[in-house]
Amino acid sequence: MISKTITIEDLVEEYPFSVQYLADKGIRCIKCGEPIWGTLEEACKEKGFDVEKIDFFVKELNELNEINNL
Amino acid sequence: MLDIQKTLKNLGIENINLGVSTGAEWFDTTGKTESSSSPIDGKEIAQVKTATLDDYEKVVQKAQAAFKEWRLVPAPVRGEIVRQIGNALREYKDDLGALVSYEMGKVYQEGLGEVQEMIDICDFAVGQSRLINGVALQSERPQHRLSEQYHPLGIIGIVTSYNFPVAVWAWNSALAAIAGDVVIWKPSSKTPLTAVATQKIIRQVLIDNNVPEGVFNLVVGRSSVMGDNFLADKRIPLFSITGSTAVGKRAAEIVGRRLGNTLLELGGNNAVIITPEADIPMAVMSTVFGTVGTAGQRCTSTRRVIIHESIYNQVRDSFVKAYEKIATKIGNPLVDGNLVGPVIDVHSVNAFLDAVKKVQEEGGKILFGGQHLEGKGYESGNYVVPCIAEAENHYHIVQEETFAPIVYFIKYSGDVQNAIDLQNDVPQGLSSAIFTLNVREAETFISQTGSDCGIANVNLGTSGAEIGGAFGGEKETGGGRESGSDAWKIYMRRQTNTINYGTKLPLAQGIKFDI
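In what follows, the accompanying structure is described. Since this is a predicted model, take the numbers as computed values, not measurements.

Rules behind the numbers
Residue numbers run consecutively from 1 along every chain, following the written order of its sequence. In the order they appear in the text, chains get letters beginning with A and ligands get numbers beginning with 1. Local features in this predicted model are restricted to residues whose pLDDT is 70 or higher, and side-chain atom pairs enter the listing and the counts only when it is 80 or higher, whereas totals over whole chains, interfaces and linings include all residues. As a rule here, side-chain values cover all heavy atoms of the structure and leave hydrogens and water aside. The helix and strand labels rest on DSSP assignments: H or I over at least four residues marks a helix, E over at least two residues marks a strand, and numbering proceeds from the N terminus. A helix is expected to reach a length of 1.5 Å times the quantity of its residues less one. N or O atoms within 3.5 Å of each other form a polar contact, as long as, within protein, one can give a hydrogen and the other can take it, and as long as residues adjacent in sequence are counted only when both atoms are side-chain atoms. Within this analysis, patches are made of residues with over 30% relative accessible area and no salt bridge. Like charges are joined at 9 Å or less; nonpolar side chains (Val, Leu, Ile, Met, Phe, Trp, Tyr) at 5 Å or less. Note on areas: Shrake-Rupley, 1.4 Å probe, and residue coverage restricted to the protein chains presented here. Salt bridge, as applied in this entry: a Lys or Arg side-chain nitrogen positioned within 4 Å of an Asp or Glu carboxyl oxygen. Summary of the burial criterion: residues with accessible area below 20% of their type's maximum are buried, those above 50% are exposed, and those between are partly exposed, where the area comes from a 1.4 Å probe applied to protein chains only. Note on contacts: a residue pair qualifies if any of its non-hydrogen atoms lie within 4.5 Å across the two residues. Whether two strands pair depends on DSSP finding at least two bridges between them. Orientation is described by lines fitted to C-alpha atoms, with helices fitted over the stretch in contact, and by angles between N-to-C directions that extend from 0 to 180 degrees. Oblique is the label for every angle not falling under 35 degrees (roughly parallel), over 145 degrees (roughly antiparallel), or within 65 to 115 degrees (roughly perpendicular). Left-handed describes a crossing whose near helix is turned anticlockwise from the far helix through less than a right angle; right-handed describes the clockwise counterpart. The classification used treats Ala, Val, Leu, Ile, Met, Phe, Trp, Tyr, Cys and Pro as nonpolar, Asp, Glu, Lys and Arg as charged, and all other residues, Gly among them, as polar. Planes of paired rings set the category: under 30 degrees apart is stacked, over 60 is edge-to-face and the rest tilted, where pairs are Phe, Tyr or Trp rings (Trp by its six-membered ring) whose centres lie within 6.5 Å. Our definition puts a charge over a ring when NZ of Lys or CZ of Arg is within 6 Å of the ring centre and also within 35 degrees of the ring normal. Detection works on a 1 Å grid of protein atoms alone, calling trapped sets that fit a 1.4 Å probe cavities and calling open sets with protein on both sides within 12 Å along at least five of seven lines pockets, with lining residues defined by an atom within 4 Å of a point. Grid points are joined across faces, edges and corners, and a volume is the space filled by probe spheres set on the points.

Moving on to helix α12 (residues 346-361) of chain B. Residues and elements named next belong to chain B. When the terminal C-alpha atoms of α12 are compared, their 22 Å separation across 16 residues agrees well with the 22 Å that a helix rising 1.5 Å per residue should span. Its side-chain oxygen placed 3.1 Å from the backbone nitrogen of His347, Asp345 serves as the N-cap of α12. At the C-terminal side of α12, Gly363 shows a positive phi close to 115°.

Okay, here's the thing in structure tokens:
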């Protein structure tokens, strides 16, 4: 289960599809070949997304994860 | 072809390795066991047990205690330990170089070069250990002596990146050690085994010389253990961080909040200027190493080539010819003759492909390469054909650093100042170069109106720095300087001393205070 407090390091490792999903929203999880530090919520806020939008991203990421696990 | 199993055995790498050490001692930990795989063939090399917060705390306490002893050891004696570390690295150069190549993906020659860089900085530090000096100044007061001296600082946090997994540790720890500091090293999560191997190589030197436990510490840990809490730890006065600008900004904010110090070596967007007065064959040969060396994953990799319009076609055609040859030498970097290995992982492949797509969307044109390689020899999925793209400097993708082998060709017209202005018009400021045989152009490039980068070269490329000069850059590169020149000073605290050897008490600025 992905939450907004997950670290980007864990997100990249456990849910690699998230990297492309977030890149499409303008959030780069990998810079200089390494995961950026901090949580998913912090990375989204850095790009100006509000709480509502972040919750929406988390919901979509979990849905994508469910589809991937089918 | 190298025998990697033999290499691992020689370096003492086992199937499951401990990831926390305070020098001679290694600690069993209960953090997550991480796997390290080679980008070359995708195979798991070995596993490493990572630290918990409790393990980290034990290491910091050990480091604090060690500092109290280590700072009392005379600097030349500390230098002697570093000399022996350099010799131990000489002994294991071939094996460690091979592991650097296998775990990181750079060609074997570059793996050996990385270990040589470690040896070189040890040699440099040994000499520096007898040259730590202060200055004597002139006091305005009679019979007063004014001087400055440097003292050890404390614990130095070192965060290294996967692209130079061990050399950057050596740059920092060799100087920190002779300065009387102790270090805590957090290696990249992508290359923990080279760190474990390095710590094992130096172990016998530490035992033979009774170096206190806690001078050279290694903590392999996830960002939840060795992240913000590490940076916020007030017991660590200085952090040296190599990584992305994003990580550097975060680190500077956290360390700055407690007024700690940082030495940041962050992203680059390095350009080579080729003027009509360049030796073009030399410019092409040199620049190609900068664009494709280490598969474009050096901080100093050449990202942009700014070419005068009058020679643009000639330079472009020469580059494409060189890339055609290189395209036949992409593959396992441990095989002699291959010049380009893999990028670190699938995410880097995607970043590369994304940049290839974006530059075209913004109006650029692909001149060569840009493909993802598949099939025999490329099973790991991490190999790409280095790309040359025609672009304009203001493109969003050109302003960013893509950590992969893509280079942007940009035309300029008029005099060299126009090229310099383009070169400087990016957020980063690490390395730069000009190819010209015209002394006016060369001197302008390195003058106060020239390159705004920390490194500005004439008739050689942007990458491949040697350890004698201070390394680092300006703007979003972070402003830090490490390795050579007077970089040792950042690892020490400066103290100003005024000594009154007279019988009177004159105040500075002639202030009278008679009781």
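The next subject is a nonpolar patch on the surface. On the surface, Leu507, Ile511, Phe513 and Ile515 of chain B cluster together to form a nonpolar patch covering roughly 520 Å² of accessible area. Tracing the sequence through the fold places Ile511 of chain B in the segment after β24 (492-500).

For the rest of this paragraph, the subject is the pattern of salt bridges. Residues and elements named next belong to chain A. Applying the stated criterion across every chain yields a total of 27 salt bridges over all chains. Note that Lys59 is salt-bridged to Glu63, the shortest N-O span being 3.2 Å. On the criterion of helical spacing, the pair formed by Lys59 and Glu63 is a turn pair, its members being four residues apart in helix α4 (residues 51-69). The partly exposed category is assigned to Glu63, whose relative accessible area is 38%.

What follows is about the interface of chain A and chain B. Contacts between the two partners involve 19 residues from chain A and, on the opposite side, 28 residues from chain B. Counting across the chain A and chain B interface gives five salt bridges. Linking Lys32 of chain B and Glu13 of chain A is a salt bridge whose minimum nitrogen-to-oxygen distance equals 2.9 Å. Put simply, chain A and chain B have nine residue pairs in polar contact (both at pLDDT 80 or more) between them.

The next subject is the sheet that holds strand β19 (residues 431-435) of chain B. All names here are of chain B. Ordered in space as β15-β16-β17-β14-β13-β19-β20, the seven strands form an open sheet in which the pairing is mixed. Single-partner strands in this sheet number two, and they are β15 (365-368) and β20 (455-458). Averaged over neighbouring strand pairs, the angle between their axes works out to 25° when direction is ignored. Taken together, the five bridges between strand β14 (residues 302-308) and strand β17 (residues 406-412) define a ladder with parallel strand orientation.

All names here are of chain A. Close contact between helix α2 (residues 17-24) and α4 brings their axes to 11 Å; oriented N to C, the two are set at 140°. Our classification of the angle between α2 and α4 gives oblique. Of the two elements, α2 crosses α4, and the hand of that crossing is right-handed. Between α2, through Phe17, Ser18 and Tyr21, and α4, the contact on the second element is made entirely by Phe56, Phe57, Glu60, Leu61, Leu64, Asn65 and Asn68. Among the residues forming the contact of α2 with α4, the class breakdown is six nonpolar, three polar and one charged.

Quick look at the sheet that holds strand β6 (residues 136-137) of chain B now. Residues and elements named next belong to chain B. An order of β6-β7-β24 is seen for the three strands of this open sheet, with the pairing classed as antiparallel. Unpaired on one side and paired on the other, β6 and β24 mark the two borders of the sheet. Relative to strand β7 (residues 144-152), β6 runs antiparallel, the two being bridged by two bridges. Paired with Ala136 across the bridge in β7 is Ser147.

Let us look at the packing of aromatic side chains. Counted under the stated rule, the structure contains 15 aromatic pairs over all chains. Where Tyr15 of chain A meets Phe17 of chain A, the ring centres are 6.4 Å apart and the plane angle is 80°; that geometry is what we call edge-to-face. Judged by its relative accessible area of 22%, Phe17 of chain A falls in the partly exposed class. Judged by centre distance (6.2 Å) and plane angle (80°), the ring pair of Tyr162 of chain B and Phe403 of chain B falls under edge-to-face. A residue pair is termed long-range when its members are at least 10 positions apart, and Tyr162 of chain B in the loop between β8 (155-159) and α6 (167-178) and Phe403 of chain B in the loop between α13 (396-399) and β17 qualify at 241 residues. The same class applies to Tyr162 of chain B and to Phe403 of chain B, which are both buried. Connected via pairs of aromatic rings, a cluster forms that spans Tyr312, Phe319, Tyr323, Phe368 and Phe409 of chain B. Directly above the ring of Tyr21 of chain A sits Lys25 of chain A, whose terminal nitrogen or CZ lies 4.6 Å from the centroid. The ring of Trp26 of chain B has Lys200 of chain B lying over it, and the distance from NZ or CZ to the ring centre is 5.8 Å.

What follows covers the pairing of strand β16 (residues 387-390) of chain B. Residues and elements named next belong to chain B. Examined bridge by bridge, β15 and β16 share three bridges and lie antiparallel to one another. The residue of β16 that forms the bridge with Phe368 is Ile388. Pairing geometry for β16 and β17, over four bridges, is parallel. Along β17, the bridge assignment pairs Ala389 with Tyr408.

A separate point is empty space enclosed by the protein. Rolled over the atoms, a probe as big as a water molecule pinpoints where empty space is left. Counted according to the given criterion, the structure contains five cavities of 30 Å³ or more. Roughly 210 Å³ of internal volume is contained in the largest cavity. In this structure, the largest cavity is lined by 20 residues; those nearest its centre are Glu34, Pro35 and Trp37 of chain A together with Lys186 and Val247 of chain B. For the lining of the largest cavity, the residue count by class is eight nonpolar, eight polar and four charged. For the second largest cavity, the calculated volume is near 70 Å³. Surrounding the second largest cavity, Glu9 of chain A together with Glu34, Thr50, Lys186, Pro187, Ser188, Ser189, Pro192, Val220, Gly221 and Arg222 of chain B form its lining. Here the lining of the second largest cavity is built from residues that sort into three nonpolar, four polar and four charged.

Take the layout of surface pockets next. By volume, the largest pocket is sized at about 1200 Å³. Taken together, 46 residues line the largest pocket, and the ones lying closest to its centre are Arg28, Lys31, Ile36 and Lys47 of chain A together with Ala246 of chain B. At the level of secondary structure, the elements contributing two or more residues to the lining of the largest pocket comprise α2, β1 (30-31) and α3 (40-46) of chain A together with α9 (245-257), α12 and α13 of chain B. If one sorts the elements of the lining of the largest pocket by residue count, α9 of chain B sits on top with eight residues. Each residue belonging to the lining of the largest pocket can be placed in one class, and the counts come to 17 nonpolar, 15 polar and 14 charged. There is about 560 Å³ of room inside the second largest pocket. Around the second largest pocket, the lining is made up of 20 residues, and of these Glu13 of chain A together with Ser35, Ser189, Lys190 and Asp345 of chain B lie nearest the centre.

All names here are of chain B. One non-glycine residue, Gln143, lies in the positive phi region at around 50°. Assignment of secondary structure puts Gln143 in the loop between β6 and β7. Look at Ser483: it is not a glycine, yet its phi comes out positive at around 75°. With respect to the helices and strands, Ser483 occurs in strand β23 (residues 482-483). Exposure remark for Ser483: the relative accessible area of 1% places this residue in the buried category.

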